[in-house]
Amino acid sequence: MTDSFNRPIDYVRIAITDRCNLRCFYCMPAEGMPYEAKSHLLSFEEIKRILIVLGTLGFKKIRFTGGEPFLRKDFMQLLAETAKLEAYESIHITSNGTLLQKHIQKLKDLGITKINLSLDTLNKDRFHEITRRDDFEKVMQTFYMLVDHKFQIKLNAVIMKGINTQDIIPLAELAKKHAVDVRFIEEMPFNGGYKNNKDMYRATDIFADLKAYYSTLEKLPSHHGDTASLFRVPGYKGNIGLIAAFSRTFCGTCNRLRISSKGEIKSCLYDDGTINIRDFIRSGVSNEVLADKFREIIRLKPMDGFTAEKMRKSPSNVMQSMSSIGG
Ligand code: SAM
Ligand code: SF4
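Just so you know, these numbers come straight off a predicted model, no measurement behind them. (Residues numbered from 1 in each chain as written. Chains lettered and ligands numbered in written order. Predicted model: local features only at pLDDT ≥ 70, side-chain atom pairs only at ≥ 80, totals over all residues. Heavy atoms only, no water.)

A. Representation of unusual backbone geometry in the model. For Arg-132, which is not glycine, the phi torsion reads 60 degrees and is therefore positive. Relative to the elements of secondary structure, Arg-132 occurs in the loop between α4 (124–131) and α5 (136–148). The phi dihedral of Lys-150 is positive, around 60 degrees, even though this residue is not glycine. Assignment of secondary structure puts Lys-150 in the loop between α5 and β5 (152–159). (Helix = DSSP H or I, 4+ residues; strand = E, 2+ residues; numbered from the N terminus.)

So this is what it looks like as structure tokens:
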């Protein structure tokens with residue numbers, strides 16, 4: 001399916017839970033967010049049905065995210081069911097890496113090897129400062145286990161002024177020895193509404209830091225749906241990426257739909273939800289009607305994140321936490 005700007009839309013991201021065991025300060029306040037009642041989250045069957053319907057519309061890529069997806073008890077079962085759906089060429093997971101170690105073999109057995117691991121620093125104290133938890137060693141251990149098991153890892157680091165800009169080069173250096181993409185993300189305003197992040201460290205600032213250190217940095221060609229601009233340092237096994245999530249320079253090739261943990265469809269990260277698909281499904285609609293609804297949502301997808309933001313129904317101050325949107 002293409003939207004009205006002729007962009008093929010074939011990638012869905014589902015936040016399967018809003019629960020999380022970390023409290024990253026750019027994502028939510030220290031006390032966390034009030035969790036949705038379990039009955040408000042999309043059920044296993046609802047998620048499966050959505051995936052089947054989207055598969056008939058040509059969706060090829062799915063990402064499971066959260067909250068922390070591995071907190072959801074039926075997640076591995078959901079992955080096993082999704083792996084059976086022929087429509088999907090690739091299944092991806094975004095995780096904070098604290099709970100996934102024991103599932104590594106099962107993930108491999110299912111052929112699910114594409115993991116985005118969130119890690120904003122290589123410093124234990126800063127890890128605590130950012131996530132408000134002490135799981136640094138566990139996440140590093142997960143990283144090395146995934147490397148050993150030859151997973152395709154993308155390491156995502158949110159870079160914030162005055163917090164972890166000193167981690168840019170140490171994190172980028174992980175790409176020297178390991179075939180991982182280390183991607184730096186601009187902070188976005190979805191932190192549960194408690195923090196103003198106007199003083200941004202932009203992708204252009206991160207690029208300047210990288211360029212100052214790596215004089216041989218080369219830009220790599222981009223592909224359909226890429227949000228990251230990718231670079232390589234000659235001789236390095238992995239690549240380095242920049243995701244201008246706040247500057248929004250990649251909207252022209254956007255290929256995605258997001259579904260929040262309670263079923264709100266976001267056709268753009270910066271809109272405030274088009275429809276609650278959970279309620280729509282629970283009203284008893286058929287798969288044909290559901291498919292038509294998705295067609296309509298895709299047709300109305302806004303041109304870019306700035307347009308979506310202007311069209312918001314609620315005040316422009318974003319009160320949502322990324323833990324329910326999924327990143
Ligand atoms: N808990 C999992 C994790 O952290 O990987 C998955 C969900 S998390 C919401 C998905 C991604 O969103 C993570 O890479 C996280 O760093 C990113 N994220 C969360 N809040 C953000 C914000 N305010 N700005 C930019 N990225 C954010
Ligand atoms: Fe949890 Fe991920 Fe949000 Fe951190 S970014 S609090 S790990 S959902």
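That was the structure; now back to the text.
B. Expanded view of helix α10 (residues 287–299). For α10, with 13 residues, the first-to-last C-alpha span of 18 Å sits near the 18 Å given by 1.5 Å per residue. Residues of α10 that are buried: Leu-290, Ala-291, Lys-293, Phe-294, Ile-297 and Ile-298. All buried residues of α10 project into a common sector of 155 degrees when viewed along the axis, lining one side. Elements in contact with the buried residues of α10: α1 (44–56), β10 (256–259), β11 (264–266), β12 (275–276) and α9 (277–282). (Expected span 1.5 Å × (residues − 1). Buried < 20%, exposed > 50% of the residue type's maximum accessible area, 1.4 Å probe, protein only. Arc of directions from axis to C-beta. Contact = heavy atoms within 4.5 Å.)

C. Broad picture of α5. Taking 1.5 Å per residue, 13 residues should reach 18 Å; α5 reaches 18 Å between its end C-alpha atoms and fits that length. Three or more residues of α5 are buried, namely Phe-136, Val-139, Met-140, Thr-142, Phe-143 and Leu-146. Down the axis, α5 shows its buried residues gathered within 155 degrees of arc, on one side only. In this structure, the buried side of α5 is in contact with α3 (104–110), β4 (114–118), α4, β5 and α7 (174–177). Just beyond α5, the residue with positive phi is Lys-150, at close to 60 degrees.

D. Representation of the site of ligand 1 within the structure. In the vicinity of ligand 1 lie 19 residues, with Tyr-26, Gly-67, Ser-95, Ser-118 and Met-188 positioned nearest. Here Glu-68 contributes a side-chain N or O atom positioned 3.4 Å from a nitrogen atom of ligand 1. A distance of 3.2 Å is found between an oxygen atom of ligand 1 and a backbone nitrogen or oxygen belonging to Ser-95. Relative to its free-state accessible area of 550 Å², ligand 1 is covered by the protein chains to the extent of 94%. Of all the secondary structure elements, the ones that give two or more residues to the shell around ligand 1 are β3 (90–95) and β5. Split by residue class, the shell around ligand 1 holds 6 nonpolar, 10 polar and 3 charged. (Near = heavy atom within 4 Å. Polar contact = N/O pair within 3.5 Å; in protein donor to acceptor, adjacent residues only side chain to side chain. Areas by Shrake-Rupley, 256 points an atom, 1.4 Å probe, with all protein chains shown as cover. Nonpolar A, V, L, I, M, F, W, Y, C, P; charged D, E, K, R; others polar.)

E. Focus on the packing of aromatic side chains. For the coordinates displayed, the defined rule picks out 9 aromatic pairs. Taking the centre distance of 5.7 Å and the plane angle of 75 degrees together, the rings of Phe-64 and Phe-75 count as edge-to-face. You can see Phe-64 sitting in strand β2 (residues 61–65) and its partner Phe-75 sitting in helix α2 (residues 75–83), a full 11 residues away along the chain. The exposure classification of Phe-64 matches that of Phe-75, with both residues buried. Plain terms: the ring middles of Phe-207 and Phe-231 are 5.3 Å apart, the flat faces sit at 40 degrees to each other, and that makes the pair tilted. Pair noted here: Phe-207 is in helix α8 (residues 203–213) and Phe-231 is in strand β8 (residues 228–232), with a separation of 24 residues, a long-range link. Chaining the aromatic ring pairs together yields one cluster made of Phe-64, Phe-70 and Phe-75. The aromatic ring of Phe-246 is capped on one face by Arg-248, whose charged end is 5.4 Å from the ring centroid. Lying over the aromatic face of Phe-306, Arg-248 brings its terminal NZ or CZ to 4.2 Å of the ring centre. (Phe/Tyr/Trp six-rings, centres within 6.5 Å; stacked < 30°, edge-to-face > 60°. Lys NZ or Arg CZ within 6 Å of the ring centre and 35° of its normal.)

F. Main features of the environment of Tyr-236. Within the secondary structure layout, Tyr-236 lies in the loop between β8 and β9 (240–243). Look at Tyr-236 and you get buried, because its relative accessible area is 16%. Taking the C-alpha atoms as reference, Tyr-236 lies 33 Å from Arg-23; in sequence the two are 213 residues apart. Ignoring any residue separated from it by four or fewer positions in sequence, one finds Tyr-236 in contact with Ala-172, Glu-173, Ala-175, Lys-176 and Tyr-214. Side chain to side chain, Tyr-236 and Glu-173 meet in a polar contact 2.5 Å long.

Worth remembering: the numbers are spatial, not functional.
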